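Letter by letter, the chains look like this.
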Amino acid sequence: MDTAPSAQPVPIPPAAGNRRRVATAAALASAVEWYDYFVFGIAAALVLGDLYFPAGSPTAGVLASFATFAVGFLARPLGGIVAGHLGDRRGRKPMLVLALTLMGVATTGIGLLPTYDTIGVAAPILLVLLRVAQGVAVGAQWGGAMLLATEYAPEGKRGVYGSVVQLGVPIGVVTANTVFLLAGALTSESAFTAWGWRVPFLVGLLVLGLAWYIHTRVEETPAFREAERALAEQEKSEQSSPLRTILRGHLGTVLLAGGSFAVNTATFYILITGVLDYTTRELDMDKGPVLMVSLCVSLTQLVLIPAAAALSDRVGRIRIYALGAAGIALWAVPLFLLIDTGSLLWLAVGTFVASCFLSIMYGPQAALFAELFTPEMRYTGASLGYQIAAVAGGGLAPFVMVLLLEATGTSMAVSGYIIGLSVIALVSIKVLAGRARAAEPEAVAEARAEAESAS
């Protein structure tokens, strides 16, 4: 066994119907939340620079737009910390509902926001504030949705159940790209710039409907209610908060988790946002076909992510996770050599192979992070690890990509950036694996003791 030993089976097995209901709700929440988050990235690459950050240079406008994109990532740890603390104290579902509501309001607000030409400097300021709200929302959402799925998983299927939440990312990308493609196809270039780009953001209103459904129709399982009662009893005592416990005794694990995942999130956002800007602005490729490539590649992840997760249930999380990280490192140079040809076919090949390695990592990641921490601090610990990776990798990646291209004039600099993050990931994974092996005998003894007391 090469995953962390802290995860224990749910004391009272939930009913199959509750499992399916919770897993479906978690998957839908993840999909709509990521859709709302990704439409900003696509809009940042296509229109937001000109509309909200007018400047003498197109590059300066894109940099400002991507900087606003990155601000959302900087806010994600705040969402993870607040929701993690409350989620470990009050339960998973309330935090998920709150995150969905905040995301729906923020995304709709962006769709209705006047441009710089209309209200001046207030426009970019409000855009940044709404993007911060999106970041807080997605930082709060991931831990809640992931734990709803993994904590109710049957024995030996935590990876598969966790992957239904991970599928929210490719579903969000596919949906966001589809809506943008439709908006572009059904409007002229001038109409798209004037109002067509707003339509994908206004779809964010649907998130509010899902939040209400989860709040009113999705019931907690008996096992989760038991956990809530235990947490309520803890709150009456003088025990440390989950965040304090993490910072005092488990900060190293959080940082290693973040270091292991930063390359995945950075490469992902380079592919869906940075490459979109690079191919349309520098290589003069049409945005429609490039968006279609991104959409088709994301569709393949719907198969690859659960397949990798299922394999991790059989052979171990870290083996599969490390394989994906190594593949990203090896493919970083060929990826941009293919993109630089300016050929749509080679763009598709390059991004497809990169997406395969991303999926191999992403499939088992939810279960792996859940298993790094015990239940009473799991929301906080897993969320912090994930969001640290998002800040270090994803949020800055498109911005760093533009800077590297401008400074060096070659896409190989971006490949070097990806390889550097891959090395950090592989080192972090190796240390996590060593810690898991060292702690495994103690975990086995604890599991045996629990089984004996239960009988």
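Cut-off values and rules
Residues numbered from 1 in each chain as written. Predicted model: local features only at pLDDT ≥ 70, side-chain atom pairs only at ≥ 80, totals over all residues. Heavy atoms only, no water. 1 Å grid on protein atoms, 1.4 Å probe; cavity = no way out; pocket = protein on both sides within 12 Å on 5 of 7 lines; lining within 4 Å. Points joined across faces, edges and corners; volume = space filled by probe spheres on them. Helix = DSSP H or I, 4+ residues; strand = E, 2+ residues; numbered from the N terminus. Nonpolar A, V, L, I, M, F, W, Y, C, P; charged D, E, K, R; others polar. Axes fitted to C-alpha atoms, helices over the stretch in contact; angles between N-to-C directions. Parallel < 35°, antiparallel > 145°, perpendicular 65-115°, else oblique. Left-handed = near helix turned anticlockwise from the far one by under 90°. Contact = heavy atoms within 4.5 Å. pLDDT = per-residue confidence, 0-100. Expected span 1.5 Å × (residues − 1). Bend = angle between axes of the 7 residues up to and from the residue. Phe/Tyr/Trp six-rings, centres within 6.5 Å; stacked < 30°, edge-to-face > 60°. Buried < 20%, exposed > 50% of the residue type's maximum accessible area, 1.4 Å probe, protein only. Lys NZ or Arg CZ within 6 Å of the ring centre and 35° of its normal. Salt bridge = Lys/Arg side-chain N within 4 Å of Asp/Glu carboxyl O.

As recorded in an unreviewed UniProt entry, the protein goes by the name MFS transporter, listed as coming from Streptomyces dubilierae.

Draft legend 1. Here's a closer look at empty space enclosed by the protein. Under the criterion given, the structure shown has three cavities of 30 Å³ or more. In this structure, the largest cavity spans a volume of roughly 160 Å³. Lining the largest cavity are 17 residues, with Leu271, Ile272, Ser294, Val297 and Thr351 sitting closest to its centre. Taken together, the elements giving at least two residues each to the lining of the largest cavity come down to α13 (251-282), α14 (287-315) and α16 (344-371). Split by residue class, the lining of the largest cavity holds eleven nonpolar, six polar and no charged.

Draft legend 2. Spotlight on the packing of α13 against α16. Interaxial distance between α13 and α16 falls to 10 Å at its minimum, and their mutual angle equals 150°. Between α13 and α16, the angle falls in the class roughly antiparallel. Here the hand of the crossing between α13 and α16 comes out left-handed. Listed contacts from α16 to Ala257, Ser260, Phe261, Val263, Asn264, Thr267, Phe268, Leu271, Val275 and Thr279 of α13 are Leu347, Thr351, Ala354, Ser355, Leu358, Met361, Tyr362, Gln365 and Phe369. Taken together, the residues that form the contact of α13 with α16 break down as twelve nonpolar, seven polar and no charged.

Draft legend 3. The confidence of the model for the protein, seen in detail. Mean pLDDT over the protein stands at 82; residues scoring 70 or higher make up 85%. When pLDDT is averaged over each element of the protein, helix α15 (residues 317-339) comes out on top at 96 and helix α11 (residues 222-236) at the bottom at 57. Per-residue pLDDT stays below 50 along residues 1-12; that stretch engages in 36 contacts with residues further than four places along the chain or on separate chains. Across residues 441-455, confidence stays below pLDDT 50; counting only partners more than four residues off in sequence or on other chains, it has four contacts.

Draft legend 4. Focus on α15. A rise of 1.5 Å per residue sets the reference length of α15, with its 23 residues, at 33 Å; its end C-alpha atoms lie 31 Å apart and thus fit the reference within 8%. At tryptophan 331, α15 shows its maximal kink, close to 45°; a proline, proline 334, follows between one and four residues later.

Draft legend 5. Region of interest: the packing of α15 against α16. Across the interface, α15 lies against α16 with an axial gap of 8 Å and an inter-helix angle of 160°. Looking at the two axes, α15 sits roughly antiparallel to α16. You can see that α15 and α16 cross each other, and the crossing is left-handed. Taken together, the residues of the contact of α15 with α16 break down into 23 nonpolar, five polar and two charged.

Draft legend 6. Local environment of the packing of aromatic side chains. Counted under the stated rule, the structure contains ten aromatic pairs. Taking 5.5 Å as the distance between ring centres and 50° as the angle between the ring planes, the aromatic pair formed by phenylalanine 38 and phenylalanine 268 counts as tilted. One end of the pair, phenylalanine 38, is in helix α1 (residues 16-52); the other, phenylalanine 268, is in helix α13, with 230 residues separating them in the sequence. Since its relative accessible area comes to 9%, phenylalanine 268 is described here as buried. A ring pair is formed by phenylalanine 261 and tyrosine 362, whose centres lie 5.8 Å apart and whose planes are at 20°; its orientation type is stacked. Here phenylalanine 261 is found in helix α13, whereas its partner tyrosine 362 is found in helix α16, with 101 residues between them in sequence. Of the two residues, phenylalanine 261 and tyrosine 362, both sit in the buried class. Taking NZ or CZ as reference, arginine 131 lies 4.5 Å from the ring centre of phenylalanine 40, over its face. In this arrangement the basic side chain of lysine 287 is found over the ring face of phenylalanine 192, its NZ or CZ atom lying 5.3 Å from the centre.

Draft legend 7. Here's a closer look at the pattern of salt bridges. Taken as a whole and judged by the stated rule, the model has six salt bridges. Where aspartate 277 meets arginine 281, a salt bridge forms, and the shortest distance between an N and an O atom there is 2.9 Å. One end of the pair is aspartate 277 and the other is arginine 281, both in helix α13 and four residues apart, which spans about a single turn. We classify arginine 281 as partly exposed; its relative accessible area is 24%. We note a salt bridge from arginine 317 to glutamate 371, for which the minimum N-O separation is 2.9 Å. Of the two residues, arginine 317 is situated in helix α15 and glutamate 371 in helix α16; the sequence distance between them amounts to 54 residues. Accessibility classification places arginine 317 together with glutamate 371 in one group, the buried group. The network of salt bridges with common partners includes Arg158, Asp313, Arg317 and Glu371.

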